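Here is what each chain is made of, one letter per residue.
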Amino acid sequence: MDMNEIKEIFFQECEEQLAELESGLLKMNDGDRDPETVNAVFRAVHSIKGGAGAFGLDDLVSFAHVFETTLDCVRSNKLEPTQDVLKVMLKAADVLADLTNAARDGGSVDQARSRGLVKELEALANGLPAPSAAVAVEAAPKAAAPAPTDESGFQPIPFSFDDDFGLDEEPAAGMPEYEVSFKPRSDLYAKGNDATLLLRDLARLGEMSVHCDVDALPGLTELDPEGAYFSWTISIKTDKGEDAIRTIFEFAEWDCELDVRPVAAGGGSSDDEELPMVPVPFDLSILDEDSSEPVAAAIEEASPAKSDTAAAVAAAETASNVTQLAAVAARVEKKEAALAASAAASAAAAQNNAAAAGVGQTIRVDLDRVDRLINLVGELVINQAMLSQSVVENDNNGASSINMGLEELQQLTREIQDSVMAIRAQPVKPVFQRMSRIVREIADMTGKSIRLITEGENTEVDKTVIDKLAEPLTHMIRNAVDHGIESPEKRATLGKNPEGTVRLTAKHRSGRILIELADDGAGINRERVRQKAIDNDLIAADANLSDEEIDNLIFLPGFSTADKISDISGRGVGMDVVKRSIQALGGRINISSKPGQGSVFTMSLPLTLAVLDGMVVTVAGQTLVVPLTAIVETLQPEASAIHSFGANHRLISIRNSFCPLVDVGRILNFRATQANPVEGVALLVESEGGGQRALMVDAIQGQRQVVIKSLEANYTHVPGIAAATILGDGRVALILDVDAVVGASRGQSLKAEMSYAAVG
């Protein structure tokens, strides 16, 4: 693996760390004060800084260092994470992401903004001392400052490098003890690491004492400003194990001399001090058989002890003092107990580490490889369908071994397809998190106070869909904040909360994913929208439009209600992009707006752009595929169940309730007149807009798993048709857009001139 590959892995990890950083900051902004959340945020910045230092990304390292220092003040309770503080940190997270992208792509960032945030972060870190420290300063008498040593006013400030790091816990009995020798090299500081922060992280593992060795520090004339002269000897008692200690130094281990040694139980404890060495008279009576029995018994009892007690036992063998022997035996027993406790703690820590390592193991795979695998699976599905079709056409028996083998092949193909699609399925959380930054930036530019609430972030959808969601969502967010939410002053006048709310929600429904963007703003001013459309010659002045049709005018190219062009809006290239992007994904978008209460934009998208389960039907000689997730049940209509309603509408009675009957062939202009329902089959479907419809088709051919082929990419958008597929006999079949057909049955006309041309 070359350096470029390693660097690419680093940037991939940076994306995960940045997502973790923003997620944690948003939790803190919502009132979460869990120390683990704060630690996760700190670790994210620390990891980015450590990796960036290894690759010499100085701008990223320096900014992350200041950010990390401020976060450390929050961790140590020296800085209260108020809304104002978190606002600065969220902006800092945005700049950190920009610096990461610039380092990866070779771009640049706004240096003025970066420097401004550095000053804000430093002010937070230095200007807000912890409450306990403030009280201590007030209570303690103020020491006289040393006199200036020269005309510049320089005042030396004495301080100690031996720091207890604020730890005053009582030592835990039986806790394993380790001695850590830590000597940084100059490269450690050059890469942005800080020995003090490392030691503070280490202090959180347990009780710790630190001694700094400054003997290598030269005089000022020989001092190298970029040199490293200090080293530390740390004694720490912790039950986390040696691996936890080494993890603290994982980003610095190549730039320092590090030695971690377990200390034998009692090795340095005041309760375990060696007995004083005093002259012991040699008593020849111990050579007698009777008198040697106590000594032999003591030696036998002490034999399982570790080697560090051998000298004490040997000394006891020559002692004639029975008290001395008893003391030795007691010490041996105590050391054995302590060693057993230490071994048990180390085993428990190793078990925990092994358990943690076994959970959530992942591998990184290039997305192109997954795409190729999905394409191959799609071809496998098509070939399996063709093979099955050929066997069915040439085998009248239907129970041959070939048919049985084909059924097994179909099951295996389905399992492979499900497994491959699960690989591409990803939660929408990364896209939703990106919207948080958009909201913050637009709110700052417009002077509005906006709160973004996200729900359903773990809803999974195909990676291809996620990649194409960012652009339409960005335009919708900008539209909601700029046009939808009122100014704080106006909201207060209307009796609303000065802080506007934008809610972003994702959920599964009927085999599709629904993404809703709702705001509590002013809603759509339909009179203004209509007038703007007339002024721009988009509609006729005497056009009779429903509220829904007026709302959809905002999707027309070049349409904008903004009075002036700004950095945010006014050019009319936003919402039309949204509609085109959604349609390219095989989806649709709907608007629901109430004046004075806000608007809701609903996007309906397929879960995957690869395969789907469908029912193959025949309509006016054409073969269509109806997505199986939209079908509730199939019916064979009877004449007594069909009822006319008005001139052109019919209803079907289903279990004492009436449901509109929709002739699919007539809606798509496959035929000029409505077919006889009794001669066909009704598919009871449930649309996303609510309610049920009975779609009338001529016949059902069967249920198939089909590979989705985009009409947008290969032909053009066809109203009423979602996509196309290849059947087992090689023919092309169109996949029905159920919601579009249901909408057309309510009076929303499809473009007749395109519909039949698409299938002819």
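Fair warning: this is a prediction, and the values are worked out from it, not measured in the lab.

Engineer: Honestly, a nonpolar patch on the surface in this entry has me stumped. Any pointers?
Structural biologist: Together, Val214, Leu217, Leu220 and Leu223 make up an exposed nonpolar region whose accessible area comes to about 370 Å². Looking at where Val214 falls in the secondary structure, it is placed in the loop between strand E2 (207-213) and strand E3 (231-237).

Engineer: What is the right way to look at helix H13 (residues 367-394) in this model?
Structural biologist: An α-helical turn contains 3.6 residues, so any two residues separated by three or four positions project in the same direction. Counted at 1.5 Å a residue, the expected span for H13 with its 28 residues is 40 Å, and the 41 Å between its end C-alpha atoms agrees. Of the positions making up H13, those classed as buried are Val370, Ile374, Val377, Gly378, Val381, Ile382, Gln384, Ser388 and Val391. Here the buried face of H13 lies against helix H14 (401-424), strand E20 (699-707) and strand E21 (721-726).

Engineer: Can you walk me through the side chain of Thr474 in this structure?
Structural biologist: Inspection of the secondary structure assignment puts Thr474 in helix H17 (residues 470-484). Reaching out from Thr474, the side chain makes a polar contact with the backbone oxygen of Ala470 at a distance of 2.7 Å. Ignoring any residue separated from it by four or fewer positions in sequence, one finds Thr474 in contact with Met435 and Ile438.

Engineer: Is there a simple way to think about the packing of aromatic side chains in this case?
Structural biologist: The geometry of an aromatic ring pair is captured by two quantities: the separation of the ring centres and the angle between the planes. Inspection of every chain in the model, using the stated rule, returns 6 aromatic pairs. Judged by centre distance (6.5 Å) and plane angle (65°), the ring pair of Phe63 and Phe67 falls under edge-to-face. Taken together, the positions of Phe63 and Phe67, both in helix H3 (residues 58-75) and 4 residues apart, correspond to about one turn of that helix. For the pair Phe63 and Phe67, one class covers both residues: buried. Centre to centre, the rings of Phe182 and Phe249 are 5.0 Å apart; their planes meet at 55°, and the pair counts as tilted. Residue Phe182 is located in strand E1 (residues 177-184), and its partner Phe249 is located in the loop between helix H9 (242-248) and strand E4 (256-263); the two are separated by 67 residues in the primary sequence. For the pair Phe182 and Phe249, a shared accessibility class is recorded, and that class is buried. A connected cluster of aromatic rings, assembled from ring pairs, spans Phe182, Phe230, Trp232 and Phe249. Positioned above the aromatic ring of Phe42, the side-chain terminus of Arg75 is 3.6 Å from the ring centre.

Engineer: Looking at this structure, how should I read the nonpolar core?
Structural biologist: Generally speaking, a soluble globular protein has its nonpolar side chains buried in company with each other. Of all hydrophobic cores here, the largest spans 45 residues; its most connected members are Leu473 and Ile515. Sort the elements by how many residues they give to this core and helix H15 (residues 429-446) lands first, with 7 residues. In this view, Ile515 contacts Phe432, Leu469, Leu473, Leu504, Thr505, Ala506, Phe601, Thr602, Met603 and Leu605; residues no more than four positions away in its chain are not counted.

Engineer: Help me out: how do you make sense of the environment of Ala93 in this one?
Structural biologist: Structurally, Ala93 is set in helix H4 (residues 83-105). Since its relative accessible area comes to 7%, Ala93 is described here as buried. For Ala93 and Leu18, which are 75 residues apart along the polypeptide, the C-alpha to C-alpha distance reads 7.5 Å.

Engineer: In this structure, what is going on with the packing of helix H1 (residues 3-29) against H4? I would like to understand it.
Structural biologist: Packed helices, taken two at a time, are described by the angle between their axes plus the distance between the axes. Two elements in contact, H1 and H4, have axes separated by 10 Å at closest approach and are oriented at 170°. One way to sum up the angle between H1 and H4 is to call them roughly antiparallel. Between H1, through Phe11, Cys14, Glu15, Leu18, Leu21, Leu25, Leu26, Met28 and Asn29, and H4, the contact on the second element is made entirely by Gln83, Leu86, Met89, Leu90, Ala93, Leu96, Ala97, Thr100, Ala103 and Arg104. Class assignment of the residues belonging to the contact of H1 with H4 gives a composition of 14 nonpolar, 3 polar and 2 charged.

Engineer: Sorry, what's going on with the environment of Lys49 here?
Structural biologist: Among the secondary structure elements, Lys49 is positioned in helix H2 (residues 35-54). Note: C-alpha distance between Lys49 and Ser62 (13 residues apart in sequence) is 8.1 Å. Aside from chain neighbours lying at most four places away, what touches Lys49 is Val61, Ala64, His65, Glu68, Lys191, Gly192, Asn193 and Asp194. Within the structure, the side chain of Lys49 is placed 3.5 Å from the side chain of His65, a separation counted as a polar contact. There is a polar contact of 2.6 Å between the side chain of Lys49 and the side chain of Glu68.

Engineer: Help me understand the sheet that holds strand E16 (residues 649-654) in this model?
Structural biologist: In a beta sheet, neighbouring strands are held together by backbone hydrogen bonds and run either parallel or antiparallel to one another. Pairing within the open sheet is mixed, and its 6 strands lie in the order E14-E18-E19-E17-E16-E15. Every other strand in the sheet has two partners, leaving strand E14 (631-635) and strand E15 (642-645) as the edge strands with one partner each. Strand-to-strand, the axes of this sheet are offset by a mean angle of 35°, without reference to chain direction. Sheet topology note: the strand E18 (residues 681-686)/strand E19 (residues 692-697) ladder contains 6 bridges and is antiparallel. Within E19, the position partnered with Leu684 by the bridge is Ala694. Helix H24 (residues 738-745) rests against E16, strand E17 (657-663), E18 and E19 of the sheet, and its axis sits at about 100° to E19.

Engineer: What is the right way to read the sheet that holds E3 from this model?
Structural biologist: In spatial order, the strands read E2-E3-E1-E4; together these 4 strands make up an open sheet with antiparallel pairing. Because the sheet does not close on itself, it has two edges, and the strands there are E2 and E4. If you compare each strand with its neighbour and ignore which way they point, the axes differ by 15° on average. Bridge count for E2 against E3 is 7 bridges, and the pairing is antiparallel. Paired with His211 across the strands is Thr233, a residue of E3.

The rules behind each value
- Residues numbered from 1 in each chain as written.
- Predicted model: local features only at pLDDT ≥ 70, side-chain atom pairs only at ≥ 80, totals over all residues.
- Heavy atoms only, no water.
- Patch = residues over 30% accessible without salt bridge, like charges linked within 9 Å, V, L, I, M, F, W, Y side chains within 5 Å.
- Areas by Shrake-Rupley, 256 points an atom, 1.4 Å probe, with all protein chains shown as cover.
- Salt bridge = Lys/Arg side-chain N within 4 Å of Asp/Glu carboxyl O.
- Helix = DSSP H or I, 4+ residues; strand = E, 2+ residues; numbered from the N terminus.
- Expected span 1.5 Å × (residues − 1).
- Buried < 20%, exposed > 50% of the residue type's maximum accessible area, 1.4 Å probe, protein only.
- Contact = heavy atoms within 4.5 Å.
- Polar contact = N/O pair within 3.5 Å; in protein donor to acceptor, adjacent residues only side chain to side chain.
- Phe/Tyr/Trp six-rings, centres within 6.5 Å; stacked < 30°, edge-to-face > 60°.
- Lys NZ or Arg CZ within 6 Å of the ring centre and 35° of its normal.
- Core = buried A, V, L, I, M, F, W, Y, C linked by side-chain atoms within 4.5 Å.
- Axes fitted to C-alpha atoms, helices over the stretch in contact; angles between N-to-C directions.
- Parallel < 35°, antiparallel > 145°, perpendicular 65-115°, else oblique.
- Nonpolar A, V, L, I, M, F, W, Y, C, P; charged D, E, K, R; others polar.
- Pairing = 2+ DSSP bridges.

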